[in-house]
Amino acid sequence: MLNALWQSARYRAGSLIWVVLSLALALGLVMLVERLRDGVRDGFSQSVAKIDLVVGAPAGDIQLLLHSVFQLGAPTQSIPLARLEQVLAQPSVEWWVPIALGDNYRGHAVVATQADYFDYLTPEGFSQGQAFASSGQLVMGARVATKLGYSLGQSMQVAHGQAQALGDQHDQLTFELVGILNPTGGPIDNAVLMDIADFQTLHVDPLRPSPPAAANAALVGVTVPFALFQLQRQLSAEPDLTATLPGVALSRLWAVFGGAERALELLSLALLVCAGLTLLAQTMSQVERRTREMALYRAMGAPLRYSLGLPIVESALIGLVSWSVAWCLLLAASTLISDWLQQSQGILLPQTGVTGFEGALLIASAIAPVVLSALPHWLAWRRSQLNSLERL
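Everything numeric in this text was worked out from a predicted model, so none of it was measured.

Caption draft 1: Broad picture of the overall build of the protein chain. Counting its regular elements, the protein chain contains 14 helices and 13 strands. Among the 392 residues that make up the protein chain, the fraction classed as buried is 46%. For the protein chain, restricting intrachain contacts to residue pairs at least 6 apart in sequence, the fraction spanning at least 24 positions comes to 79%. Of the roughly 19,400 Å² of accessible surface on the protein chain, 62% is carried by carbon and sulfur atoms.

Take a look at the structure:
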């Protein structure tokens, strides 16, 4: 059988190569789209993985999550740090760090926090330098530093206003870059971090009394998971506070973008359907040749299982070879675009072996060609029977 398969493949090499490439490109694009989606989801999920609770002024769950963790949208009303210290001084709170927003550096959001932020929320560590330890020091995310080409010791001044637009320069304090974070695949890659005490200094009006130190939100970690919901209910009961579970808010955010995900799924399905139709068209065009082959096998005394088994095995092999080529194309594409995606879009492509989705595609790639070619092969077998009867 193997020799017959090889001879048949040699005879139809041109059309088989075209079919394999068509299927491989479709499968490769579907795998790449799925990996991109997984990369985006993983980046969002990892950004909140170590945060048990987000506390801020009264606002919607998604709004509070977006501005405090992802630096998107307008910050909510600020809360005095003394108030946060009061409500978070509980045995169930293991750690918390304040977050203050409202400034930018060359269009990149400035996140004011404490040095503890790096201990709790950036396990990837630093590629260069260290966390800020005194006034006038800054830390940059990996993507910002790469984009601007900065290295340690760079001097800079931040500007007032959100990251989307440049405001007045804060010239009362010049900062030194003392640390650059490793890539995380999260929004912190695109941010500049400073000590919250420096943030308060920048926003003090010398002609007016100094306001109390404040933050827009607090990121909280609890000691034990079962204390989380009680703490969330307790803080949400306060009239001036909202406590959000980041995982729940993120699920709601994905529900908002459900239409875009469904569009990607439909695109992937359309690619697979087009590839399947290509295979079906190629198989239908070979019905006459298959009829002659089966008539020859019949004349040679080959059993029925041989006559029908040969095209079935061939169809399965076409699917498996197509998947293998698609897998190689996926690896090549991931290698070529991973750095660009990380630096320009902040997306880390998962660099794993065969995923569950890709394994399912492998099984489908072996079965679908057999199913799609069943009708043409049955027609060829029936025609070979009729031709034999006519000769009688």
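Caption draft 2: Highlighting the pattern of salt bridges. Scanning the model with the defined rule gives five salt bridges in all. A salt bridge links arginine 37 to glutamate 34; the shortest N-O distance between them is 3.0 Å. Of this pair, arginine 37 and glutamate 34 both sit in helix α2 (residues 13-48), three residues apart, which is roughly one turn of that helix. Neither residue differs from the other here; arginine 37 and glutamate 34 are each classed as buried. Ionic contacts of the salt-bridge type, sharing partners, join the residues Arg83, Glu238 and Asp240 into one network.

Caption draft 3: Just the packing of aromatic side chains, in detail. Under the criterion given, the structure shown has six aromatic pairs. Measuring from ring centre to ring centre gives 4.7 Å for tryptophan 95 and tyrosine 120, while their planes differ by 10 degrees; the resulting arrangement is stacked. Of the two residues, tryptophan 95 sits in strand β3 (residues 93-105) while tyrosine 120 sits in helix α5 (residues 116-121), which places them 25 residues apart along the sequence. Residue classification places tryptophan 95 among the buried residues on the basis of a relative accessible area of 8%. Judged by centre distance (5.8 Å) and plane angle (80 degrees), the rings of tyrosine 117 and phenylalanine 118 are edge-to-face.

Caption draft 4: Quick look at the side chain of glutamate 358. With respect to the secondary-structure elements, glutamate 358 resides in helix α13 (residues 356-372). Reaching out from glutamate 358, the side chain makes a polar contact with the side chain of arginine 35 at a distance of 2.8 Å. If we ignore the near neighbours within four places in the chain, the residues touching glutamate 358 are Met31, Arg35, Trp323, Trp327, Leu330 and Gly353.

Caption draft 5: Up close: helix α8 (residues 228-236). Looking at α8, one finds that the buried residues are Leu228, Leu231, Gln232 and Leu235. Projected onto a plane normal to the axis of α8, the buried residues spread over an arc of 100 degrees and lie on a single side. In α8, those exposed residues whose orientation departs by more than 90 degrees from the buried face are Gln230 and Arg233. Looking at the buried positions of α8, the neighbouring elements they touch are β1 (53-56), α4 (81-87), β3, β12 (217-222) and β13 (242-244).

Caption draft 6: Fine view of the nonpolar core. Ranked by internal contacts, the top residues of the largest apolar core, which has 40 residues, are Leu53, Val55, Leu88, Met140 and Met194. For this core, the leading source of residues is β3, giving four residues. Counting 30 residues, the second-largest nonpolar core is a separate cluster that includes Phe70, Ile99, Leu101 and Val178.

Caption draft 7: Geometry of unusual backbone geometry. Unlike most non-glycine residues, glutamine 71 shows phi in positive territory, near 55 degrees. Relative to the helices and strands, glutamine 71 is located in the loop between α3 (61-69) and β2 (79-80). Classification of glutamine 71 by relative accessible area gives buried; the value is 13%. In this structure, arginine 106 is a non-glycine residue whose phi angle is positive, near 50 degrees. Along the chain, the position of arginine 106 falls in the loop between β3 and β4 (108-113).

Reading guide: rules and limits
- Every chain begins its residue count from 1, and numbering advances along the sequence as written.
- The predicted origin of the model limits local features to residues at a pLDDT of at least 70 and limits the giving and counting of side-chain atom pairs to 80 or more, whereas totals for whole chains, interfaces and linings rest on all residues.
- In computing side-chain values, all of the structure's heavy atoms are included and hydrogens and water are not.
- Numbering of helices and strands runs from the N terminus, with a helix taken as a DSSP run of H or I at least four residues long and a strand as a DSSP run of E at least two residues long.
- Exposure categories follow from relative accessible area, calculated using a 1.4 Å probe and restricted to protein chains: below 20% of the type maximum is buried, above 50% is exposed, and the middle band is partly exposed.
- Residue contacts are counted whenever heavy atoms from the two residues lie within 4.5 Å of one another.
- With residues, only the protein chains shown are counted as cover, and all accessible areas are computed by Shrake-Rupley using a 1.4 Å probe.
- The term salt bridge refers to a pairing of a side-chain nitrogen on Lys or Arg with a carboxyl oxygen on Asp or Glu at a separation within 4 Å.
- Ring pairs are drawn from Phe, Tyr and Trp, using the six-membered ring of Trp, whenever the two centres fall within 6.5 Å, and their geometry is named by plane angle: stacked under 30 degrees, edge-to-face over 60, tilted for the rest.
- Between N or O atoms, a polar contact is any pair within 3.5 Å; within protein, one atom must be a potential hydrogen donor and the other a potential acceptor, and residues adjacent in sequence are included only when both atoms are from side chains.
- Read the arc as the range of directions from the helix axis to the C-beta atoms.
- Grouping buried Ala, Val, Leu, Ile, Met, Phe, Trp, Tyr and Cys residues that are joined through side-chain atoms within 4.5 Å yields what is termed a nonpolar core.

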